[in-house]
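# Descriptive structure summary
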Amino acid sequence: MNRRTAALVAILTLAAPAATPSANDPERLLGFSEEESRRQLEWEARFDQLLERDHVRQWIQRLSARPHPVGSPYGKENAEWMAAMFRSWGYDTRIEEYRVLFPTPRTRRLELLAPRRFVATLEEPALAEDSTSNQKDEQLPSYNAYSIDGDVEGELVYVNYGVPEDYEELERLGISVAGRIVIARYGGSWRGIKPKVAAEQGAIGCILYSDPRDDGYFRGDVYPQGPFRNAHGVQRGSVSDMPTYPGDPLTPGRGATEDAERLERSEAPTLTRIPVLPISHADAQPLLEAMQGPVAPSSWRGALPLTYHLGPGPARVRLTLEFDWGLAPAYNVIARLEGSERPDQWIMRGNHHDAWVNGAQDPVSGMAALMEEARAVAELVKLGWRPRRSILYAGWDAEEPGLLGSTEWAEHHGPELREKLAVYVNSDSNGRGFLFAGGSHGLERLVNQVARAVTDPQTGVSVWKRWQARLIARTPVTEDPEARGQRDLPISALGSGSDYTPFLQHLGISSLNLSYGGENAGGSYHSVYDSFDHYSRFGDPGFHYGVTQAQTAGRVVLRLAAASVLPFEFENFTDTVAGYVQELSELADRLRRQTREHNRRLEEDSWKLAADPRQTYVEPEPLEPVPHLNFAPLRNALESLEAATGRWREARGEPDALEPDQQRRLDQLLLTSERLLSREEGLPGRSWYRHQIYAPGFYTGYGVKTLPGVREAIEQRDWPQAAEQIEVLAEVLRGFAGRLEEIAGIWESAG
């Protein structure tokens, strides 16, 4: 037992026993009668016995044996092999093909022109310890998909993580990036935000690199001795403007079928406005060493053996990029198991199968666990278990460039999915460690019940107890979920970054994202070293957590598919939304205080000398005072939601008290309830995102913004829009409260 595990066990033994109200009693599963719960738990025990670690190992090794990016021969071969496997297990399986824009590099060149010359290698060398790192003929070189072509030359400016706050700091120091090339380290936001903000600030090019403080030797031994990114490792990735819309840049809102109407490339708003290239820290070091100007603030300094300067110059670089802008085939594998009673109600489980290179961790570790889960579900059916609802399994293609496979499929089948799909359950990468769960908060209690039923292979306690221990270790005692008397641990809100996005945030379908990790840190992400050799040593040695993932997501699917009534629960949702509303009020108050303090200081000292004496004086601008925002409509709507939730809580009973037609009617109301949290008009400035509770932030990318219409208007100091969005959100919450009243009415009629 290592020291970290020993410390965790100590926390587990000190943690107080969890409150176990009847809703969390293992004999009373959500959506099941007492007798049905007993039978379901018996089936789940048999499901566990059917899962085999060796399958997970074999399938990770097979799927990651060769590079398989979008449109590659091995990507197609993998899709066909997976489809054949699903068919052999008894699933009705098909491959649905889409034609998506997928640029690949033709020219990549980065040169330091002054004060000395250096040409970046832009190569990841093969390692003797990594048996697939030498497949050069099939590897995509390191690049950022959806960077535009360009040949630019300019002085270099270091911008830290390249997020809006970093440019505010540069402005205070009197440093402009206009007409210059920026270099930013990975981290702090999703990578696509960095060239987006740089272009808004007038930069003409963007270089991204992995600093060893965040992703390298500062964290531990580098590969192949340890798991972390070595000096030549590069993080590939998409830089499309996904907060505007994900999916194929040329077919927003419609499936990218062969004959789909497409935008001209010049019309696609999600392509970058400037060229952008990722490099290793070995290639970044000579560039940073050549820079002068002010020394970077202490929080901006990485772990390279140099003094971090901001520039501009004297380092001057030339960046040259050219791409092939063709369409590539994306192969989605869709497998279906027919429901016995309600076949037109669907539960869907998905993971992508494409990778930037070999992708053993991302995404094959998750895809192999999904396949083993699906195989065991099919075996359970052969033993006599019957799902009431249909189960669909998906292996998505083209996730890496920007969720293309899942988005095109969801857009193509949108009307049918909005009618039939009850829940989408997603996964992506998987590894050793803790349960990470995010999604619709109407499913929070279901996740907690499932987590209590799955045993962590490393500690021998439930994954719920290990999840709880992690929260206790990271949370002040007074804020611990148990100290607050909560019976469920909180799942996170979802922003973006994986295939749940089109289902939750575009179609308004209740969704979950489940994975394990936290003890599988390493620098293989999106590099040639994301290999079976790396994963089997550092990601999940023994492949135990592949089985744990299958047990967890499989239980969620089994219960959703078999329950008499869909196992949604709304108290946690309402409590969570109430917390988000309170955060909005606190955000406005905090901005008000910050504005007053800023303007007070401005009166005392209206001129500030830039850190570099060669720069001119900088005169900060006064901030517009934060006006009174009328949150009353939102608070009133929240009161209506809380009252409706209370009525639902009092009215709900045992599923077997409902007549069959009442169960079906109740199910349909539950199935479509998440739709009411969306608006066809979408969010301001980005209509593709329709969900009013969860969305990726416009300047965070993957990071979530809750109640995004109001929150981002306040953050951007757009007070008229904030007032408008308060009214919009209040209307959405009132509509959802009305749905809960309708659901409560069915329960009351059964009583």
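Worth saying up front: this structure is predicted, and the values here are computed from it rather than measured.

## Let's talk about helix α18 (residues 632–651)
Given a rise of 1.5 Å per residue, 20 residues ought to cover 28 Å, and the 29 Å separating the end C-alpha atoms of α18 matches this to within 8%. Of all the positions in α18, only Pro-633, Leu-634, Ala-637, Leu-638, Leu-641, Ala-644, Thr-645, Gly-646, Trp-648 and Ala-651 are classed as buried.

## Some details on the sheet that holds strand β5 (residues 150–158)
The mixed open sheet is built from seven strands, whose spatial order is β3-β2-β10-β5-β6-β7-β9. At either margin of the open sheet sits one strand with a lone partner, and together these are β3 (118–119) and β9 (276–279). Pairing between strand β7 (residues 205–209) and β9: four bridges, direction parallel. From the neighbouring strand, Tyr-209 faces β9, where its bridge partner is Ile-279.

## Focus on the packing of aromatic side chains
The final tally for this structure, using the stated rule, is 27 aromatic pairs. Measuring from ring centre to ring centre gives 6.3 Å for Tyr-158 and Trp-300, while their planes differ by 75°; the resulting arrangement is edge-to-face. Taken together, the residues span a long stretch of sequence, with Tyr-158 in strand β5 and Trp-300 in the loop between α8 (281–289) and β10 (316–324) at a distance of 142 residues. The same class applies to Tyr-158 and to Trp-300, which are both buried. Ring geometry for Phe-570 versus Trp-648: centroids 5.4 Å apart, planes at 80°, classification edge-to-face.

## Here we look at the environment of Leu-638
Inspection of the secondary structure puts Leu-638 in helix α18. Note on Leu-638: relative accessible area 10%, which makes it buried. Beyond its immediate chain neighbours, meaning those up to four positions away, Leu-638 contacts Thr-574, Val-577, Ala-578 and Val-581.

## Comments concerning the confidence of the model for the chain
Taken residue by residue, the chain gives an average pLDDT of 93. The fraction at 70 or more is 93%. Within the model, the stretch residues 1–26 combines pLDDT values under 50 with 44 contacts to residues more than four positions away or in other chains. In the model, residues 607–612 has pLDDT below 50 throughout and makes 15 contacts with residues more than four positions away in sequence or in other chains.

Here is what the cut-offs are and how they apply
- Residues numbered from 1 in each chain as written.
- Predicted model: local features only at pLDDT ≥ 70, side-chain atom pairs only at ≥ 80, totals over all residues.
- Heavy atoms only, no water.
- Helix = DSSP H or I, 4+ residues; strand = E, 2+ residues; numbered from the N terminus.
- Expected span 1.5 Å × (residues − 1).
- Buried < 20%, exposed > 50% of the residue type's maximum accessible area, 1.4 Å probe, protein only.
- Pairing = 2+ DSSP bridges.
- Phe/Tyr/Trp six-rings, centres within 6.5 Å; stacked < 30°, edge-to-face > 60°.
- Contact = heavy atoms within 4.5 Å.
- pLDDT = per-residue confidence, 0-100.

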